[in-house]
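Examination of the molecular architecture
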Amino acid sequence: MTDRVAIITGAGSGIGRAAALALLNDGWSVALAGRRQDALEETAGLATGDNSLVVPTDVTDPQQVDALFARTKATFGRLDTLFNNAGGNVPPTNFGDFTFEMWRQVCAINLDAMFLCANAAFRQMRDQSPRGGRIINNGSISAHNPRPGSAGYTSTKHAITGLTKSIALDGRQYDICCSQIDIGNAATPMTARSADGQMQPNGQIAVEPRMDVNDVGRQVAFMANLSLDSNVQFVSIMATKMPWIGRG
């Protein structure tokens, strides 16, 4: 494959940055999307070569999402992979104290934005020539089992599984693959509290092991480099010793 083009959301740090660098260093052209231009430019500066496009984007805004995909097409001509990665959360909150405002905040970035980006990618992949492409949604191991006080996050991540399956089914006739990567305790700022201790289902606080975020980047690159005849439908990658197996 040559002239491979990807869009990565949340590319300014953490998992998004690791995936962006894995693809950029493998010769891909990558549009880097996220809220902070300085962080995106830092990601671009860490890569070998000069085949990145920095596009500051609030992926909860439909107009900004449309502009991201239009600029990527204008610059690179097509789209082969979307890593639908941007996400967020609120502090752990017991369901009885979880407010509608908190619910909407989590849904806006973890579900609405995932829909907007996947929908834009699907249309572009369907209509381009040659047609087809790959959408990789960032789920979470919370798409399987919740943490205490995580009603919004867990609900949205379960919803991503349904979205992934629906896109995979509707995309078949257009040579569009859709898959989901469920990640547990990659060493990023978002999981920094794991090093200080996380609430466990039994009410205890325990330090949880983390893994190298670059291992996640390499897994995303592996999935992206498959031919469209093959798809890793679902994959879980996590710190080996984190207490996910047997949670609860």
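So, here is what we can say about the structure in this document.

What about the side chain of Thr 57?
- Looking at where Thr 57 falls in the secondary structure, it is placed in the loop between strand E3 (52-56) and helix H3 (62-76).
- Within the structure, the side chain of Thr 57 is placed 2.8 Å from the backbone oxygen of Val 55, a separation counted as a polar contact.
- With residues up to four places along the chain from it excluded, the contact list for Thr 57 reads Ala 33, Gly 34, Arg 35, Gln 64, Val 65 and Leu 68.

Details of the nonpolar core
- Membership of the largest hydrophobic core comes to 37 residues, with the highest contact counts inside it found for Leu 32 and Ile 181.
- Those elements that provide at least two residues to this core are strand E1 (5-9), helix H1 (14-24), strand E2 (29-34), helix H2 (37-46), strand E6 (176-184), helix H6 (213-224) and strand E9 (234-238).
- Leaving out residues up to four positions away in the same chain, Leu 32 has contacts with Ile 8, Ala 11, Ala 20, Leu 24, Leu 40, Thr 43, Ala 44, Ser 52, Leu 53, Val 54 and Val 55.
- Grouped together as the second largest cluster of nonpolar side chains are 30 residues, Leu 68, Met 125, Ile 135 and Ile 176 included.

Overview of the layout of surface pockets
- In this structure, the second largest pocket encloses a volume near 170 Å³.
- Among the secondary structure elements, those contributing two or more residues to the lining of the second largest pocket are helix H5 (151-171) and E6.
- Class assignment of the residues belonging to the lining of the second largest pocket gives a composition of six nonpolar, two polar and three charged.

Rules used throughout
- The residue numbering used here restarts from 1 in each chain and proceeds along that chain's sequence as written.
- Two thresholds apply to this predicted model, a pLDDT of at least 70 for residue-level local features and 80 or more for giving and counting side-chain atom pairs, whereas whole-chain, interface and lining totals are computed over all residues.
- Side-chain numbers come from the whole structure's heavy atoms, not from hydrogens or water.
- By definition, any uninterrupted DSSP run of H or I lasting at least four residues is a helix, any uninterrupted run of E lasting at least two residues is a strand, and each is numbered from the N terminus.
- Polar contact is the term for a pair of N or O atoms within 3.5 Å; when the atoms are in protein, one must be able to donate a hydrogen and the other to accept it, and sequence-neighboring residues count only if both atoms are side-chain atoms.
- We call two residues in contact whenever any of their non-hydrogen atoms come within 4.5 Å of each other.
- Nine residue types can take part in a nonpolar core, namely buried Ala, Val, Leu, Ile, Met, Phe, Trp, Tyr and Cys, and a core is a set of them joined through side-chain atoms within 4.5 Å.
- Think of it in three bands: residues with accessible area under 20% of the maximum for their type are buried, residues over 50% are exposed, and the middle band is partly exposed, with areas taken using a 1.4 Å probe on protein chains only.
- The distinction between a cavity and a pocket rests on a 1 Å grid over the protein atoms alone: a 1.4 Å probe fits inside a cavity but cannot get out, while a pocket stays open yet meets protein on both sides within 12 Å along at least five of seven lines, and a residue with an atom within 4 Å of a point counts as lining.
- Grid points are joined across faces, edges and corners, and a volume is the space filled by probe spheres set on the points.
- Throughout, the ten residues Ala, Val, Leu, Ile, Met, Phe, Trp, Tyr, Cys and Pro are labelled nonpolar, Asp, Glu, Lys and Arg are labelled charged, and all others, Gly among them, are labelled polar.

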